[in-house]
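Single-letter residue listing:
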Amino acid sequence: MQVPQLSFWKRYHVLGISVTLLLVLLTVISAQLTGVDVGAFAKNSPQFLVILKQMQQPDWNYLSQIQKPLAQTIQMAVLGTTLGTILAVPFAFLAARNIVKNWWGRSLVRLGLSLIRTLPNLLLAALFVAIFGIGPMTGMITLAIFSFGMVSKLFYEIIETIDMGPVYALQTTGASLLQTIRIAMLPQLAGRFASDILYALEINVRASTVLGYLGAGGIGLDLQQSLDQFAYPQTAVIIIAIFVVVLIIDLISNLTRRHLQ
Amino acid sequence: MKKLRSKWGRWEWMIGIVLIISLYWWSIRGIPLVPIQKSAGQVSASILHGMFNPDWSYIYNGSGEDLVSQLVITLAIAFLGTFISAIISVPFSFLAAQTNSRWFHPRATIGKLLLTAIRAFPEVILAIMFIKAVGPGSFAGVLAVGFHSVGMLGKLFSESIEAMDHRAELAIKATGGTKLQRFWLATLPAILPAFLSATLYRFEISVRSASILGIVGAGGVGTPLMFALQTRDWSKTGVILLGIVLMVILIDGLSSYLRRRLH
């Protein structure tokens, strides 16, 4: 009887070992490039702990001062998400495989959308502050563009999964494209669209809290000031406030989403 | 098949609509409408011009200050940060995984709270805190990415532990395997692909983060970008943007190829 033998590759784990070696090599190169200095970190980490220690005594009186910027943060997120979503809907339909049959047209739209998604939101903020000037308007535009990229992808993936039966039925009766979308598609899409919009809103609330750091409105500006003035007890209050707001928004959004399904 | 809506259902809709309208009313009033800068059009045109007519001498000149070197450093920050956090995340994820369905699970609850607390710190703030500890530069960026990623990777890892297939573990237990053998031969092979896939996904996000951390002084390509924006050097801004976009596309493509191979 012949005993089954593992091939040389599998027997000596050639793939696993070479991947491990590659990772180790990349780690060493990265460490050299980024100037990792464990000694300095060990020496200075008490200073890091001092910051954390100061943060343990939050300056609660400061809370009354940050209510307005905190509200502005949420307002920016709400409006930015809405604008981005409105922009995203037509592009999502143009990028969906079952709506646009032309491969070239679809790919062109998708390429544009994925180019927008490559830019992180803080980078967009830095760019738009330079272009549009400082203020919450810039934050809103940043979030609108950012959510446009995100929502359009989520939407076209939903559109591609719908049941095409009602669509064909309407098309055979000679309905126009818009009529088909309104009567055969929207009822299938509305709930899941709403759920994804709420998801985008959650992400945008998180994102909008740091945009102000670059001058794009909201709580980030106060965050920057407190850090620049080494007022860590105030920083702690801001971080806790952001955390609570994000938790509440997540909670509301999760409840609503469960209700929608 | 539409359900008949009860009277209460109709009220629910009305309340929802009123709430949404008041939310928008509140939001619109909170954002002061200011006219955008007059130079907006000109600035964006210059940035676009810089993108399509790159200054080749800046892209690579071997000085270490050029675009390619900065992008490589950005990748190094993202790689090292993700690598460190993937290792730190493993014990955290075992701590946070809820392995049975009792409604209260002290160990998993503590673990999940810890991970949520780590995620609550925005990366930029972490970077600033680490800059105060180790000085400005790429190392602070590595630490910020490494620390912040633990929050997300720990969560993803613990979710894949919760969803894992326990049959192989049981089989080894049935043959009398020790705890270590069970972990080495059944648990690890079952969760490793999911862990690697999550780590690759996080690497994609880390590359994006690393490219902006330079804005606060934590190294990488964000530093020259910030200088270019501050000195109103729009064509340089355009080139750097182009570089970041190409790098992100390349890494996303590579990572999604590797992740597809894993499954």
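These numbers were taken from a predicted model, which means no experiment stands behind them. Every chain's residues receive numbers from 1 upward, in the order its sequence appears when written. Chains and ligands are labelled sequentially in the order written, the chains with letters from A and the ligands with numbers from 1. Local features in a predicted model are, by the rule used here, given only for residues with pLDDT of at least 70; side-chain atom pairs are given and counted only at 80 or more, and totals for whole chains, interfaces and linings are based on all residues. Each side-chain value is worked out from all heavy atoms of the structure, with water and hydrogens disregarded.

The next thing to look at is the UniProt feature "domain: ABC transmembrane type-1" (unreviewed entry) in chain A. UniProt positions are given in the numbering used here, feature names are shortened, and annotations may be inferred rather than shown by experiment. UniProt marks residues 70–253 of chain A with the feature "domain: ABC transmembrane type-1" (unreviewed entry), using the numbering shown here. Put simply, DSSP marks the helices as runs of H or I at least four residues long and the strands as runs of E at least two long, and each gets a number from the N terminus on. Between the end C-alpha atoms of residues 70–253 of chain A there is a gap of 18 Å, over a span that is 83% helix and 0% strand.

The next point concerns the packing of helix α6 (residues 121–132) of chain A against helix α9 (residues 177–211) of chain A. Residue and element names in this part refer to chain A. Between α6 and α9, the least distance of the axes is 10 Å, while the angle of their chain directions is 45 degrees. Considered as vectors, α6 and α9 are oriented oblique to each other. Crossing handedness for the pair α6 and α9: right-handed. Contact residues: Asn121, Leu122 and Ala125 in α6; Ala207, Val210 and Leu211 in α9. Of the residues belonging to the contact of α6 with α9, the class tally is five nonpolar, one polar and no charged. Interaxial angles span 0 to 180 degrees and are taken between N-to-C directions of axes, which are lines fitted to C-alpha atoms, for helices over the stretch in contact. The scheme is simple: roughly parallel for angles under 35 degrees, roughly antiparallel for over 145, roughly perpendicular for 65 to 115, oblique for anything else. The crossing is said to be left-handed when, going from far helix to near helix, the turn is anticlockwise and less than a right angle, and right-handed when the turn is clockwise. Contacts are assigned to residue pairs with any non-hydrogen atoms lying within 4.5 Å of each other. Residues were grouped as follows: Ala, Val, Leu, Ile, Met, Phe, Trp, Tyr, Cys and Pro as nonpolar; Asp, Glu, Lys and Arg as charged; and all remaining residues, including Gly, as polar.

What follows is about helix α6 (residues 123–134) of chain B. Compared with the 16 Å implied by 1.5 Å per residue over 12 residues, the 16 Å span of α6(B) between its first and last C-alpha is a close match. Of all the residues in α6(B), the buried ones are Glu123(B), Val124(B), Ile125(B), Leu126(B), Ala127(B), Ile128(B), Met129(B), Phe130(B), Ile131(B), Ala133(B) and Val134(B). As for α6(B), its buried residues are in contact with α3 (38–55), α6, α10 (220–228) and α11 (232–260) of chain A together with α7 (138–162) and α9 (179–213) of chain B. Positive backbone phi, approximately 85 degrees, marks Gly135(B), located one or two places after α6(B). Expected span of a helix, by definition, is 1.5 Å for each gap between consecutive residues, and there is one gap fewer than residues. Only protein chains enter the calculation, and the probe is 1.4 Å; a residue is then buried if its accessible area is under 20% of its type maximum, exposed if over 50%, and partly exposed in between.

Here the focus is the packing of helix α5 (residues 106–120) of chain B against α7(B). Helix packing for two helices is described by the angle between their axes and how far apart those axes are. Residues and elements named next belong to chain B. One way to put it is that α5 packs onto α7 with a least axis distance of 7 Å and a crossing angle of 145 degrees. Seen along the crossing, α5 lies across α7 with a hand that is left-handed. Residue-level inspection shows Lys112, Leu115, Ile118 and Arg119 of α5 in contact with α7, the latter providing Phe147, His148, Val150, Gly151, Met152, Gly154, Lys155 and Glu162. For the contact of α5 with α7, the class distribution of residues is five nonpolar, three polar and four charged.

What follows is about the packing of aromatic side chains. Residue and element names in this part refer to chain A. Aromatic rings from Phe, Tyr and Trp, taking only the six-membered ring of Trp, are treated as a pair when their centres fall within 6.5 Å; an angle between ring planes under 30 degrees marks them as stacked, one over 60 as edge-to-face, and anything in between as tilted. The final tally for this structure, using the stated rule, is 10 aromatic pairs over all chains. Residues Trp103 and Trp104 carry aromatic rings whose centres are separated by 5.0 Å and whose planes lie at 90 degrees to one another, so their mutual orientation is edge-to-face. Of the two residues, Trp103 and Trp104, neither departs from the other in class, the shared state being exposed.

Salt bridges are counted wherever a side-chain nitrogen of Lys or Arg sits within 4 Å of a carboxyl oxygen of Asp or Glu. A full pass over the atoms with the stated rule returns 10 salt bridges over all chains. One salt bridge connects Glu162(B) with Lys112(B), and the closest N-O pair in it is separated by 2.9 Å. Of the two residues, Glu162(B) sits in helix α7 while Lys112(B) sits in helix α5, which places them 50 residues apart along the sequence. Each of Arg97(A), Arg110(A) and Glu160(A) takes part in salt bridges that share partners, so that together they form one network.

What follows concerns the environment of Tyr213(A). You can see Tyr213(A) is positioned in the loop between α9 and α10. Each C-alpha atom, one on Tyr213(A) and one on Trp9(A), is 52 Å from the other, the two residues being 204 residues apart in sequence. Once residues within four sequence positions are removed from consideration, Tyr213(A) is found in contact with Gly220(A), Leu221(A), Gln224(A), Leu227(A), Val124(B), Ile128(B) and Val216(B).

All names here are of chain B. Within the secondary structure, Glu169 sits in helix α8 (residues 167–174). No salt bridge is formed by the buried Glu169. Its closest oppositely charged neighbour is Arg182, at 5.5 Å. Excluding anything up to four places from it in sequence, Glu169 contacts Met164, Arg182, Ala186 and Thr187. Note on charges: Lys and Arg go in the positive column, Asp and Glu in the negative column, and His and the chain ends are not counted at all.

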